Amino acid sequence: MKEKVAVYPGSFDPITYGHMDILHRGLRLFDTVICAIATNIEKNSLFTVPERMELIRESINGDKNVVIDSFDGLLVQYVKRVNARFVIRGLRAMSDFEYEFQMASMNRNLNCDMDTIFMMTSKDYFFVSSRTIKEVASFGGVVKGFVPPAVEEALNRKFPPR
Ligand code: ADP
């Protein structure tokens, strides 16, 4: 039987429990999920791509069904290159919908063989975003419970407690 592979793209700057929740839900549907860091969206990132990859690695506890990778350029081209047909995206509040709908529609135009699957996180994480986590950490706020321990430590190193 053919292995079912999905790509979970994002900036993961850094990975949060919101991302991990979507990742675990994806693993119930697919044999392998590729966490793919989009490197061309270098929107003032806090962590470098190798740092982000390492933080994902430290957070997945050696799960062999997760592959960590990075890509630049168009997502549809990357998805073809790794022989996948499915992309996973997470949906938080309504605000994610419009952007995600536009992206998925454009991607379908670029590659009609590719489907985007949207998943909802647990209610505990639907308000969590990498951006808010960074903001809270930068002001010395506690991010425990929203990010894996390795990320918490990395944030403490970037923003030493005051
Ligand atoms: P962020 O907006 O947190 O920087 P990314 O660009 O890394 O997120 O997003 C990668 C994917 O993960 C997107 O589909 C995004 O909607 C999803 N995602 C991020 N955080 C959450 C969350 N808390 N709940 C559900 N999906 C999420």
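Above this text you will find the structure in question.
Remember, it's a predicted structure, so these values are computed and weren't measured experimentally.

K.L.:
Explain the environment of phenylalanine 118 to me, and be specific about the residues and the numbers.
P.N.:
For phenylalanine 118, the location among the structural elements is in strand 5 (residues 115-120). What phenylalanine 118 contacts, discounting residues up to four positions off in sequence, is Arg89, Leu91, Glu100 and Ala104.

K.L.:
For the site of the ligand, give the residues involved together with the corresponding values.
P.N.:
Looking at the ligand, there are 19 residues lining it, with Tyr8, Gly90, Thr121, Tyr125 and Val128 nearest. Here serine 11 contributes a side-chain N or O atom positioned 2.9 Å from an oxygen atom of the ligand. Here the ligand has 540 Å² of accessible area as a free molecule, and 92% of this is covered by the chains. Of all elements in the fold, only strand 1 (5-10), helix 1 (17-29), strand 4 (86-91) and helix 4 (95-110) reach the threshold of two or more residues within the shell around the ligand. For the shell around the ligand, the residue count by class is 7 nonpolar, 8 polar and 4 charged.

K.L.:
Got a sec to walk through the environment of lysine 158? Specific residues and values, please.
P.N.:
Structurally, the position occupied by lysine 158 is in helix 6 (residues 149-158). Those residues in contact with lysine 158 that sit more than four places away from it in its chain are Leu46, Phe47 and Glu51. A polar contact is formed between the side chain of lysine 158 and the backbone oxygen of leucine 46, at a distance of 3.4 Å.

Here is what the cut-offs are and how they apply
- Residues numbered from 1 in each chain as written.
- Predicted model: local features only at pLDDT ≥ 70, side-chain atom pairs only at ≥ 80, totals over all residues.
- Heavy atoms only, no water.
- Helix = DSSP H or I, 4+ residues; strand = E, 2+ residues; numbered from the N terminus.
- Contact = heavy atoms within 4.5 Å.
- Near = heavy atom within 4 Å.
- Polar contact = N/O pair within 3.5 Å; in protein donor to acceptor, adjacent residues only side chain to side chain.
- Areas by Shrake-Rupley, 256 points an atom, 1.4 Å probe, with all protein chains shown as cover.
- Nonpolar A, V, L, I, M, F, W, Y, C, P; charged D, E, K, R; others polar.

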